[in-house]
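Single-letter residue listing:
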Amino acid sequence: MATPLVVSEVSKSFTMHLRDGIRLPVVADVSFSVASGECVVLGGPSGIGKSSLLKMIYGNYAVDTGQILVKHEDRIVDLASADPRTILDVRRATLGYVSQFLRTVPRVAALDVVAEPLLARGENAASARKRAADLLAKLNLPRELWQLPPATFSGGEQQRVNIARGFITDHAILLLDEPTASLDAINRRVVIGMIEEKKERGVALLGIFHDEEVRDAVGDRILDVSKFSPRKAAA
Amino acid sequence: MSTTPLLKVKDISKFYGGRTGCRDVSFELWPGEVLAIVGESGSGKTTLLNCISTRLLPTTGSVEYHMRDGVYRDLFRMNEAERRFLMRTDWGFVHQNPADGLRMTVSAGANVGERLMAVGNRHYGNIRETAIDWLGRVEIDADRVDDQPRAFSGGMRQRLQIARNLVTGPRLVFMDEPTGGLDVSVQARLLDLVRGLVHDLGLSAIIVTHDLAVARLLSHRMMVMKDGQVIEQGLTDRVLDDPREPYTQLLVSSILQV
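One structure accompanies this document, and this report is about it. (Residues numbered from 1 in each chain as written. Chains lettered and ligands numbered in written order. Predicted model: local features only at pLDDT ≥ 70, side-chain atom pairs only at ≥ 80, totals over all residues. Heavy atoms only, no water.)

Some thoughts on the overall build of chain B
Of regular secondary structure, chain B possesses 10 helices and 10 strands. For 258 residues, the compact-globule estimate of 2.2 N^0.38 gives 18 Å, and the C-alpha radius of gyration of chain B, at 18 Å, lies within 12% of that figure. Considering only C-alpha atoms, chain B reaches an extent of 55 × 50 × 40 Å along its principal axes. Across the 258 residues that make up chain B, the buried fraction comes to 53%. Counted over contacts in chain B with a minimum sequence separation of 6, partners at least 24 positions apart contribute 67%. Of the roughly 11500 Å² of accessible surface on chain B, a fraction of 48% belongs to carbon and sulfur atoms. Of the charged side chains in chain B, 31 are positive and 32 negative; the average position of the first set lies 5 Å away from that of the second. (Helix = DSSP H or I, 4+ residues; strand = E, 2+ residues; numbered from the N terminus. Rg over C-alpha atoms; globule rule 2.2 N^0.38 Å. Buried < 20%, exposed > 50% of the residue type's maximum accessible area, 1.4 Å probe, protein only. Contact = heavy atoms within 4.5 Å. Areas by Shrake-Rupley, 256 points an atom, 1.4 Å probe, with all protein chains shown as cover. Lys, Arg positive; Asp, Glu negative; His and termini not counted. Charge placed at Lys NZ, Arg CZ, Asp CG, Glu CD.)

Some words on a nonpolar patch on the surface
Residue and element names in this part refer to chain A. On the surface, a cluster of nonpolar side chains totalling about 230 Å² of accessible area is made up of M16, I22 and L24. On the secondary structure map, I22 appears in strand β2 (residues 22-34). The partly exposed category is assigned to I22, whose relative accessible area is 41%. (Patch = residues over 30% accessible without salt bridge, like charges linked within 9 Å, V, L, I, M, F, W, Y side chains within 5 Å. Salt bridge = Lys/Arg side-chain N within 4 Å of Asp/Glu carboxyl O.)

So, unusual backbone geometry
Look at D29 of chain A: it is not a glycine, yet its phi comes out positive at around 55 degrees. Secondary-structure assignment places D29 of chain A in strand β2. What makes D29 of chain A partly exposed here is its relative accessible area of 48%. With phi around 50 degrees, D227 of chain B is a residue other than glycine that occupies positive phi space. Structurally, D227 of chain B can be placed in the loop between β9 (221-226) and β10 (229-235).

A look at the packing of helix α4 (residues 108-118) of chain B against helix α5 (residues 124-137) of chain B
All names here are of chain B. Direction vectors running N to C along α4 and α5 enclose 115 degrees, while the axes themselves pass 9 Å from each other. Crossing geometry of α4 relative to α5 is assigned as right-handed. Residues A108, G109, V112, G113, L116 and M117 of α4 pack against I127, T130, A131, W134 and L135 of α5. Along the lines of polarity and charge, the residues of the contact of α4 with α5 split into eight nonpolar, three polar and no charged. (Axes fitted to C-alpha atoms, helices over the stretch in contact; angles between N-to-C directions. Left-handed = near helix turned anticlockwise from the far one by under 90°. Nonpolar A, V, L, I, M, F, W, Y, C, P; charged D, E, K, R; others polar.)

Overview of the pairing of strand β7 (residues 172-176) of chain B
Residue and element names in this part refer to chain B. When you tally the buried positions in β7, you get five out of five residues, the bulk of the element. Bridge count for strand β6 (residues 91-94) against β7 is four bridges, and the pairing is parallel. In the strand pairing of β7, G92 is matched with V173. Direction of pairing for β7 relative to strand β8 (residues 204-209): parallel, over a ladder of five bridges. Within β8, the position partnered with F174 by the bridge is I206. (Pairing = 2+ DSSP bridges.)

Remarks on the pattern of salt bridges
Following the criterion strictly, the structure yields 35 salt bridges over all chains and no others. Close ionic contact of R121 of chain A with D170 of chain A constitutes a salt bridge, the shortest N to O distance being 3.0 Å. Of the two residues, R121 of chain A sits in the loop between α3 (110-120) and α4 (125-138) while D170 of chain A sits in the loop between α5 (155-167) and β7 (173-177), which places them 49 residues apart along the sequence. We note a salt bridge from D147 of chain B to R144 of chain B, for which the minimum N-O separation is 2.6 Å. What makes R144 of chain B partly exposed here is its relative accessible area of 23%. If you follow the salt bridges from partner to partner, you end up with K12 and D64 of chain A together with D242 and R244 of chain B in one network.

Details of the nonpolar core
All names here are of chain A. L136, V161, I163, F167, L176, I195 and F209 are the most contacted members of the largest nonpolar core, which totals 40 residues. Taken together, the elements giving at least two residues each to this core come down to β3 (39-43), α3, α4, α5, β7, α6 (185-200) and α7 (212-218). Those residues in contact with I195, other than ones at most four positions away along the chain, are F167, L176, L205, F209 and V218. Counting 36 residues, the second-largest nonpolar core is a separate cluster that includes V26, L79, I173 and V225. (Core = buried A, V, L, I, M, F, W, Y, C linked by side-chain atoms within 4.5 Å.)

What about the sheet that holds strand β4 (residues 60-66) of chain B?
Hydrogen bonding along the main chain pairs the strands of a sheet, whether they run parallel or antiparallel. Residues and elements named next belong to chain B. The sheet built from four strands is open, its strands ordered β2-β1-β4-β5 with antiparallel pairing. Here the strands that pair on one side only, and so sit at the sheet edges, are β2 (19-29) and β5 (72-74). For this sheet the average axis-to-axis angle between neighbouring strands, irrespective of direction, equals 20 degrees. For β4 and β5, the ladder comprises three bridges, and the chain directions are antiparallel. Residue H66 lies in a different strand from β5, and its bridge partner there is Y72. Contacting β1 (7-16), β2 and β4, helix α1 (residues 45-52) runs over the sheet at an angle of about 125 degrees to β1.

Digging into the side chain of H171 of chain A
Residue and element names in this part refer to chain A. Within the secondary structure, H171 is located in the loop between α5 and β7. You can call H171 buried: its relative accessible area is 6%. A polar contact is formed between the side chain of H171 and the backbone oxygen of R91, at a distance of 2.9 Å. Among the polar contacts made by the side chain of H171, one reaches the main-chain carbonyl oxygen of A93 at a distance of 3.4 Å. When residues no more than four places from it in sequence are discounted, the contact partners of H171 are R91, R92, A93, T94, L95, G96, R121 and V203. (Polar contact = N/O pair within 3.5 Å; in protein donor to acceptor, adjacent residues only side chain to side chain.)

Topic: the packing of aromatic side chains
Following the criterion strictly, the structure yields five aromatic pairs over all chains and no others. Their ring planes at 85 degrees and their centres at 5.4 Å tell us that F14 of chain A and Y61 of chain A sit as a pair that is edge-to-face. Separated by 47 residues along the polypeptide, F14 of chain A in strand β1 (residues 5-16) and Y61 of chain A in the loop between α1 (50-58) and β4 (65-72) bring together distant segments of the chain. Measuring from centroid to centroid gives 4.6 Å for Y58 of chain A and Y97 of chain A, while their planes differ by 35 degrees, and the two rings are tilted. Here the residue Y58 of chain A occupies a position in helix α1, and Y97 of chain A occupies one in strand β6 (residues 95-98), the gap between them amounting to 39 residues. Grouping aromatic residues by their ring pairs yields a cluster made of Y65, W91, F93 and F174 of chain B. (Phe/Tyr/Trp six-rings, centres within 6.5 Å; stacked < 30°, edge-to-face > 60°.)

Shown next, in the form of structure tokens:
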């Protein structure tokens, strides 16, 4: 089976210069891979570095050492050392990410927030909006909200816009940071169905799911992040 | 992905007597890329912008531009006429104060039309029609076309300045604090407008701002300046969410949360 994401010997720490240069180790020597059609769940207690790990893979956090290898178009890209242009290109075509919270932009309608990743890939506006509308309908977002900017939406509504935006493309790798945290039972099941569809299509998924129902339904295996925690060794 | 940069900036330094404006700045800008230059007042970001856009002669360094015919030209080796032609056709410059980029005593339509005439348009009806179309794109009503920008609000003036710059279909736009001095609601509208236009037109842009939220919303990549030097650069969300340098950490942590 294809393995579009390989993380190799990655370490990360934060140096807080405003706090006398105190160094906070986050993870050390992280190595794992995710295969096509597989959903790997990041496990371990809060604060152990699960979200940070997703952010490193997305290129949002820098890493100190190691490699993050992604199959992008016909080549392998190391996101740990790639330049900004390459990282943006990988995000556009290969690597999707559903963050914990939606970052809203003033004046942009929910429908356009969702359609944007398709437009960035050069799809025409009408078919991108159609796909966006289908997804929002599937996630039960009331139709009267579609043309409004999501800034004033409830947490659950914003999260559904965020999920639709992340799921709209056919990216080969998808990172999920608690996508169901603020959803009700019905919509949680919709998202479970959407994740299963992605798996059937051969997408490699890596996610954080605190919700047991979701984790049991979609997770193929659990990767315990606490085994990469430098603090564990000290304790 | 495009394989050739639009702009190659090499070792630009500008000294004012013994004082440093900016020092040893090098970078490349790619087609469709938006670069934000951030830093506090006096950090050298405007000096750098003025050097790159040839409004100021740097003490050392070179800026090469990928011309439409595919050849790289060193901007400081062009003659004045060539440089002016480039500036009014292929480039735009949006000033912080719209009065610096507009002619305040001619009509809004003429402000936009003037750039079109500079590139050879002569048909009055076409020029007026294009001007009205562009006023619409920056959300200024067509019935204001004959008004002078003196009669416009600050936000409208800034939008007019943007229309004036973009009407000739430039490939590169420089912006110096484009939202400075505007109310936040007016800022949001302008930012959204700029974001849409940059995306739709595939523009490259270099934006100087002290506002990190502006950098986050508009730019792909950012450079942080302090004391005339670039101290940190990278993907915009990486620099803002995982700043490495003490000064960048200070800047990011100083943002007030609403």
